[in-house]
Amino acid sequence: MVLANDSRNATLLAAQSTWTEKTTHYVLDLVEGRVDVVLLEDYGDSWDHAAWVVIAEEAGGVFFDLDGGRSIETRHAVYTTSHLEAAVRAVLDLPR
């Protein structure tokens with residue numbers, strides 16, 4: 001899992017993770033299989049997420065914002081593998 005900061009959400013996900021690290025290649029690390037979850041809070045803009053969503057989803061990943069929706073008009077986002085989506089949403093208490 002990649003953490004962009006030390007927020008409450010990051011703490012919740014880290015408690016369920018085998019390891020965490022900070023990186024600057026967020027979504028590329030996900031699509032290349034180096035990490036399973038990327039949590040971004042107070043990071044990026046809509047133009048960043050627009051490209052990253054396409055990259056993640058074309059590789060079979062999933063994107064959602066921290067309201068549980070799919071708005072790229074956010075600075076708070078989660079990218080994950082499709083098989084972990086439900087578990088990540090459950091940990092963060094987000095609707096599916």
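Residues numbered from 1 in each chain as written. Predicted model: local features only at pLDDT ≥ 70, side-chain atom pairs only at ≥ 80, totals over all residues. Heavy atoms only, no water.

Undergrad: Sorry if this is basic, but what is going on with the packing of aromatic side chains here?
TA: Remark: the centre distance and the inter-plane angle together describe each pair of aromatic rings, the angle taken between the planes. Applying the stated criterion across every chain yields a total of five aromatic pairs. Ring centres of Tyr26 and Tyr43 lie 5.0 Å apart, and the angle between their planes is 70°; this geometry places the pair in the edge-to-face category. Taken together, the residues span a long stretch of sequence, with Tyr26 in helix α2 (residues 26-31) and Tyr43 in the loop between β2 (37-40) and α3 (46-58) at a distance of 17 residues. What makes Tyr43 partly exposed here is its relative accessible area of 32%. Sitting over the face of the ring of Phe64, Arg89 holds its NZ or CZ atom 4.0 Å from the ring centroid. (Phe/Tyr/Trp six-rings, centres within 6.5 Å; stacked < 30°, edge-to-face > 60°. Helix = DSSP H or I, 4+ residues; strand = E, 2+ residues; numbered from the N terminus. Buried < 20%, exposed > 50% of the residue type's maximum accessible area, 1.4 Å probe, protein only. Lys NZ or Arg CZ within 6 Å of the ring centre and 35° of its normal.)

Undergrad: What is the right way to read the pattern of salt bridges from this model?
TA: Within the structure shown, the criterion is met by six salt bridges. Here Glu32 ties to Arg34 by a salt bridge, and the two come within 2.6 Å at their closest N and O atoms. Relative accessible area serves as the criterion here: at 45%, Arg34 is assigned to the partly exposed category. A salt bridge links Glu85 to Arg89, with the nearest nitrogen and oxygen atoms 2.9 Å apart. Taken together, the residues span about one helical turn, with Glu85 and Arg89 both in helix α4 (residues 85-92) at a distance of four residues. Each member of the pair, Glu85 as well as Arg89, carries the same accessibility label: buried. Here the salt bridges do not stand alone but share partners, grouping Asp29, Glu32 and Arg34 into one network. (Salt bridge = Lys/Arg side-chain N within 4 Å of Asp/Glu carboxyl O.)

Undergrad: Would you take a moment to explain the pairing of strand β3 (residues 61-65) for this structure?
TA: Side-chain positions along a regular strand alternate between the two faces of the sheet. With respect to burial, β3 is a largely interior element, five of its five residues being buried. Across the two faces of β3 the burial is the same, with Gly61, Phe63 and Asp65 and Val62 and Phe64 all buried. Looking at chain direction, β3 and strand β4 (residues 77-81) are connected through five bridges and run antiparallel. What sits directly across from Gly61, in β4, is Thr81. (Pairing = 2+ DSSP bridges.)

What is shown is where atoms sit, not what they do.
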